[in-house]
Every structure is written in structure tokens, then in C-alpha cells.
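Residues per chain are reported as follows:
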Amino acid sequence: MRTALLIVLSAVACSHPAPPVAPQPPPPPAKVTLEVLPADKKPFPAAAKAIADALSAAKVAGVDETKLSAVSMEVVQIQIECDDPTPDCYAAAGKELHVDRLLFAKIDPAGKKQVDVTITLFDVGGRAVTSAAHRVFATEAAAVAGVPGLVAEATSR
């Protein structure tokens with residue numbers, strides 16, 4: 001009994017209070033990555049080049065890193081076998097590209113020589129269009145001249 005008492009007293013006498021636990025700093029916020037996808041070049045190659053230039057120069061608020069894709073949204077959608085212009089397919093494309101946001105353009109013919117251009121900024125995690133800008137230009141030359149403003153409109157909201 002005496003030995004047990006000595007062991008208990010020794011343990012109590014030698015124990016030190018535990019040091020205070022420092023609070024862990026919160027993890028750094030995740031980087032937000034944007035993938036810029038050019039428009040298909042057919043049937044308006046000059047407008048597609050102007051769009052690619054304007055999209056690659058665009059600054060989007062809240063984005064930490066921008067990647068430039070060599071292929072259009074349509075090509076990515078074909079690769080993932082989800083080619084509908086829907087939030088679900090856009091989100092699937094974003095996940096396939098491992099990004100948080102998508103910035104892409106669509107060019108369609110409209111009327112005789114008119115060029116229909118839509119610029120879309122898409123939130124992959126939110127599965128929603130953040131902003132979009134659309135305009136029908138009278139000619140391809142007018143589209144080339146007007147695309148920078150259209151991209152600015154879509155990315156400044």
C-alpha cells in the first residue's frame with residue numbers, strides 16, 4: 001500500500017499542466033481558376049480571332065489564375081459527350097477542365113451577313129451563368145470592332 005501511495009504521489013508531483021493549445025489558423029482560401037475558351041472559327045474567322053484576343057485579355061474579379069484553352073466550348077462538350085447548351089453540361093465541362101469558372105464565346109450566323117455573338121461567364125460550382133452579353137452585329141467587321149466592348153460587358157458585372 002505504501003508503494004502504491006508513493007507511485008500516486010510521485011505521479012501527481014511530477015505532472016505538469018498541459019501547454020495551452022494554440023488555435024489553428026484557418027486554411028488559406030482556395031484559388032479560383034478560370035478557363036478561357038475561344039469561339040469556333042467557322043464561319044467567321046476574323047470575329048473568332050478578335051474574340052479570342054479579347055477573352056484572353058479579360059480580367060475577371062475574384063479569379064486568381066487564368067488558363068487559356070486551345071479548343072472551344074463546343075469541342076470540350078463533344079469530348080465529354082454532353083453537348084447541350086445547359087448549366088449541367090457547362091458544369092461538367094468545367095469539372096473536366098478542373099476549373100471554377102468558364103469564360104467562353106459562341107458565334108452564329110444571323111441574317112444575311114450578320115454575326116450573332118454571345119459571351120458567357122459561368123460559375124462551375126454554382127452551376128449558373130454569372131453574366132452574359134449578347135449582340136448581333138451587321139457584319140463580321142462590325143463584330144471585330146465591337147467584341148472588346150461585349151467581352152468587357154460580360155466580365156465587368
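Here the structure is a predicted model, which is why all the values come from computation and not from measurement.

1. As for the overall build of the protein
Phase 1: A tally of regular secondary structure across the protein gives 5 helices and 5 strands.
Phase 2: When its helices and strands are written in sequence order, the protein yields α-β-α-β-α-α-β-β-β-α.
Phase 3: Going through the 157 residues of the protein one by one, you find that 34% of them count as buried.
Phase 4: Considering only contacts in the protein between residues 6 or more positions apart, those separated by 24 or more positions represent 58%.

2. What to know about the nonpolar core
Phase 1: Counting 27 residues, the largest nonpolar core has Ile51, Leu55, Leu103, Ile107 and Ile119 as its most contacted members.
Phase 2: Breaking this core down by element, the ones donating at least two residues are strand S1 (33-37), helix H2 (45-57), strand S3 (101-110), strand S4 (114-123), strand S5 (128-137) and helix H5 (140-155).
Phase 3: Those residues in contact with leucine 103 that lie beyond four places of it in its chain are Leu34, Glu35, Val36, Leu37, Leu55, Ala58, Val60, Ile119, Thr120, Leu121 and Thr155.
Phase 4: Listed in part, the 11 residues of the second largest apolar core include Leu37, Val99, Phe104 and Val124.

3. Points about the sheet that holds S1
Phase 1: Spatial ordering of the open sheet is given by S2-S1-S3-S4-S5, a layout of 5 strands whose pairing is mixed. On the outer flanks of this sheet lie strand S2 (65-68) and S5, each paired with one strand and no other. On average, each strand axis in the sheet is inclined to that of its neighbour by 20 degrees, with strand direction left out of account.
Phase 2: Relative to S5, S4 is paired through 9 bridges, and the arrangement is antiparallel.

4. Overview of H5
Phase 1: Here H5 contains 16 residues, and its C-alpha end-to-end distance of 22 Å stays within 8% of the 22 Å for a straight helix at 1.5 Å per residue.
Phase 2: Residues of H5 that are buried: Ala143, Gly146, Val147, Leu150, Val151, Ala154 and Thr155.
Phase 3: Packing partners of the buried residues in H5 comprise H2, S3, S4 and S5.

5. Here's the deal with the packing of H2 against H5
Phase 1: The interhelical angle for the contact between H2 and H5, taken along N-to-C directions, is 15 degrees, at an axis separation of 9 Å. The angle between the axes of H2 and H5 places the two elements in the roughly parallel class. Regarding H2 and H5, the two cross each other, and that crossing is right-handed. Judged by residue contacts, Pro45, Ala46, Ala47, Ala50, Ile51, Ala54 and Leu55 of H2 engage Glu140, Ala143, Val144, Val147, Pro148 and Val151 from H5.
Phase 2: Broken down by class, the residue content of the contact of H2 with H5 amounts to 12 nonpolar, no polar and 1 charged.

6. Digging into the packing of aromatic side chains
Phase 1: Under the definition given, this model contains 2 aromatic pairs.
Phase 2: The interplanar angle of 75 degrees and the centroid separation of 5.5 Å between the aromatic rings of tyrosine 90 and phenylalanine 122 together place this pair among those described as edge-to-face. Remark: phenylalanine 122 occurs in strand S4 and tyrosine 90 occurs in helix H4 (residues 87-97); sequence separation between them is 32 residues.
Phase 3: On the basis of relative accessibility, which here comes to 0%, the residue phenylalanine 122 falls in the buried class.
Phase 4: The rings of Tyr90, Phe104 and Phe122 are connected pair by pair, giving a single aromatic cluster.

7. Side note on the pairing of S3
Regular strands place their side chains on alternate faces of the sheet.
Phase 1: With 4 bridges joining them, S1 and S3 adopt parallel strand pairing. Bridge pairing in S3 links leucine 34 to arginine 101.
Phase 2: Linkage of S3 to S4, two consecutive antiparallel strands, is achieved through a turn of 3 residues, within which glycine 111 is found at a positive phi near 70 degrees.

Cut-offs applied
Residues numbered from 1 in each chain as written. Predicted model: local features only at pLDDT ≥ 70, side-chain atom pairs only at ≥ 80, totals over all residues. Heavy atoms only, no water. Helix = DSSP H or I, 4+ residues; strand = E, 2+ residues; numbered from the N terminus. Buried < 20%, exposed > 50% of the residue type's maximum accessible area, 1.4 Å probe, protein only. Contact = heavy atoms within 4.5 Å. Core = buried A, V, L, I, M, F, W, Y, C linked by side-chain atoms within 4.5 Å. Pairing = 2+ DSSP bridges. Axes fitted to C-alpha atoms, helices over the stretch in contact; angles between N-to-C directions. Expected span 1.5 Å × (residues − 1). Parallel < 35°, antiparallel > 145°, perpendicular 65-115°, else oblique. Left-handed = near helix turned anticlockwise from the far one by under 90°. Nonpolar A, V, L, I, M, F, W, Y, C, P; charged D, E, K, R; others polar. Phe/Tyr/Trp six-rings, centres within 6.5 Å; stacked < 30°, edge-to-face > 60°.

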